[in-house]
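Reading the structure
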Amino acid sequence: MDIVDLGTLPKTEAVYSAFLLQVREKFEMDHAAYAGINPAAGAIHGYVTYADDWKQHYQQQGFHMIDPTLHMSRRSIAPVDWSRLERNKEFKRVFCDAHDFGLCDQGLTIPVRGPYGDVGLLSVTRDCSSEEWRKLVSHVISDLQSMAVHIHDTVMSSDQLGQILYHPALSARELEILQWVAAGKSQQDIGDILLISHRTVEVHLRSSREKLCALTTAQAVGRAIGRGLIYPG
Amino acid sequence: MIIVIDALNKHLFRGILDEMFRLRARVFGDRLGWDVRIQDGKEIDDFDHLDPAYVVGLDEEGNVVAAVRALQTTGPHMLADVFSDILCGEPPIRSATIWESTRFCVDTQRLNRGRDRNSVSYATCELMIGSLEYARTAGIKDIVTVIDPVMDRVLKRSDNAPYGYVGKTVPMGKVPALAALLDTGTERVDRVRRFAGIEHDVFLTDEEALKLFNDTHAPGKPMETLGKGPLNALETYLLEQIQSADSPQELKMVHELIDAIPSGMSASRKAELKQYPRTFAREA
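Residues numbered from 1 in each chain as written. Chains lettered and ligands numbered in written order. Predicted model: local features only at pLDDT ≥ 70, side-chain atom pairs only at ≥ 80, totals over all residues. Heavy atoms only, no water.

Turning next to the sheet that holds strand β5 (residues 119-125) of chain A. Two strands in a sheet stick together by hydrogen bonds in their backbones, pointing the same way (parallel) or opposite ways (antiparallel). Residues and elements named next belong to chain A. The strand order across the open sheet formed by five strands is β2-β1-β5-β4-β3, and the pairing between neighbours is antiparallel. At either margin of the open sheet sits one strand with a lone partner, and together these are β2 (43-48) and β3 (80-81). Looking at chain direction, β3 and strand β4 (residues 107-113) are connected through two bridges and run antiparallel. Paired with Asp81 across the bridge in β4 is Leu108. (Pairing = 2+ DSSP bridges. Helix = DSSP H or I, 4+ residues; strand = E, 2+ residues; numbered from the N terminus.)

Shown next as structure tokens:
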């Protein structure tokens, strides 16, 4: 099953929730949650796949103020496995209650740092043996990183201020390579034409895709043409 | 051996981080002549206040012999800002699965030119293995790293050649700087491991790293005598100030304090205190 491409859809809460449900399915998790903090717009966004009773309880208790999976993880550059978090008062308070709602404390949080002091946190959890968890994480962590940035960028650019700030800034090299893709050249061809390795071509394409909030290169080419950044074909 | 220090565990490793900032002052300030800010003998910039991750290499005696700093390319990082010359003013690469590494340095004073465990070559390879494996575990596929041509040659010689470069080589202080691309694939790490003969897990746990560092760097027992006489409380305090001075300026201030003590301390005793040796490492 393919992940919903957030770039093409109207930005509504239902779309983000559907995205998280698909992340949960695709990566074999029990739950997925996103929290985004945008100091420029003074807004906090939260979308989760948790049941409504836990959502309500979490809010009523003000857990978002103390939840260490948010407050500690946002200061890391790498995904934080919750096993790394100190089992302090705050952790116990949140996870004692979580346990009563049938939720486990095996999970990880991927921190995303945006360019304007904005921070996004994509968390996933799964109740399974720690061996199974380790294997699953090493298998999906790269894709989860991409999903975290994809939802974060989309949420941050959903308001008017964000649309201006999050204007995709592609380098001349990235545009040159996208133009060659639009002309039908393969990564290997482009590497040969520009005298760079095909992995360097791939890195520029990856960067272009993410700047254009696209999940595939074809979408990135379409959007670059739509924005007048490159010529069609 | 390698320890990864970030915002979550840095409170445990102030001593190691201070040693790393001093190493950076010697390498980037003195040896490479970059325009870096050095205070109290430590090189610390704005990006150090953004909770980066440090991959730090310790030798068998717990000394910091190599270090590098990692930041996400999705947020503030050096290529987007202070190193924009390298990219000729172009926007930098931005990706969830690419990190930027900067301030890659190795202690060329403490380490030798051979291939043994105390060599520049070994420390560089171990640090590369540590940073590539740390990044890969985090789901990172590539690293864009700002280095000087000497480090570029070291990478090539240790079977760890960059697969590409972005932007151009620009002058920076006494040597130029450039941005190289490295993937975090197992093949690359295996090549470096084979080159350096490193088969073991390079990572220390927090506890192991603390023990290794503290065993050799714990503050020694306070001195009880100096020259002829035992130390009183004031003299002990002054000696502690001398020992903890981080720069010649700070040392000078302690000496001035000693001179300013009005009575109760003889001139010869003052001289004795001021002769207490304190040297500051400076690289040629």
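From this point, things continue past the structure.
So, about the interface of chain A and chain B. Contacts between chain A and chain B engage 35 residues on the former and 39 residues on the latter. Interface area lost by chain A to chain B is led by Arg75(A), Ile77(A) and Arg113(A), which between them contribute 24%. Along the contact surface separating chain A from chain B lie five salt bridges. A salt bridge links Asp6(B) to Arg84(A), with the nearest nitrogen and oxygen atoms 2.8 Å apart. On the surface where chain A and chain B come into contact, there are 22 residue pairs in polar contact (both at pLDDT 80 or more). Counting residues per element, the ones that place at least two in the side of chain A that touches chain B are β4, α5 (130-156), α7 (172-182) and α9 (198-211) of chain A. Tallied by class, residues from the side of chain A that touches chain B come to 16 nonpolar, 10 polar and nine charged. (Contact = heavy atoms within 4.5 Å. Buried area = accessible area lost by both parts, 1.4 Å probe. Salt bridge = Lys/Arg side-chain N within 4 Å of Asp/Glu carboxyl O. Polar contact = N/O pair within 3.5 Å; in protein donor to acceptor, adjacent residues only side chain to side chain. Nonpolar A, V, L, I, M, F, W, Y, C, P; charged D, E, K, R; others polar.)

Looking at the element boundaries, Thr97(B) is found in the loop between β5 (64-72) and β6 (98-106). In this structure, the C-alpha to C-alpha distance between Thr97(B) and Ile140(B), residues 43 residues apart in sequence, is 4.3 Å. With sequence-adjacent residues up to four places away left out, Thr97(B) is seen in contact with Ser142(A), Gln145(A), Ser146(A), Arg206(A), Glu210(A), Gly139(B), Ile140(B), Lys141(B) and Asp142(B). Only 2.9 Å separates the side chain of Thr97(B) from the side chain of Arg206(A), close enough to count as a polar contact.

Attention now moves to the layout of surface pockets. It is a probe the size of a water molecule, rolled over the atoms, that shows where empty space is left. Counted as a void, the largest pocket has a volume near 1200 Å³. Lining the largest pocket are 32 residues, with Pro79(A), Asp81(A), Arg84(A), Tyr134(B) and Thr137(B) sitting closest to its centre. The set of elements that each furnish at least two residues to the lining of the largest pocket consists of β3 and α5 of chain A together with β1 (2-5), α2 (120-137) and α5 (206-217) of chain B. In terms of residue count, the dominant contributor to the lining of the largest pocket is α5(A) (six residues). (1 Å grid on protein atoms, 1.4 Å probe; cavity = no way out; pocket = protein on both sides within 12 Å on 5 of 7 lines; lining within 4 Å. Points joined across faces, edges and corners; volume = space filled by probe spheres on them.)

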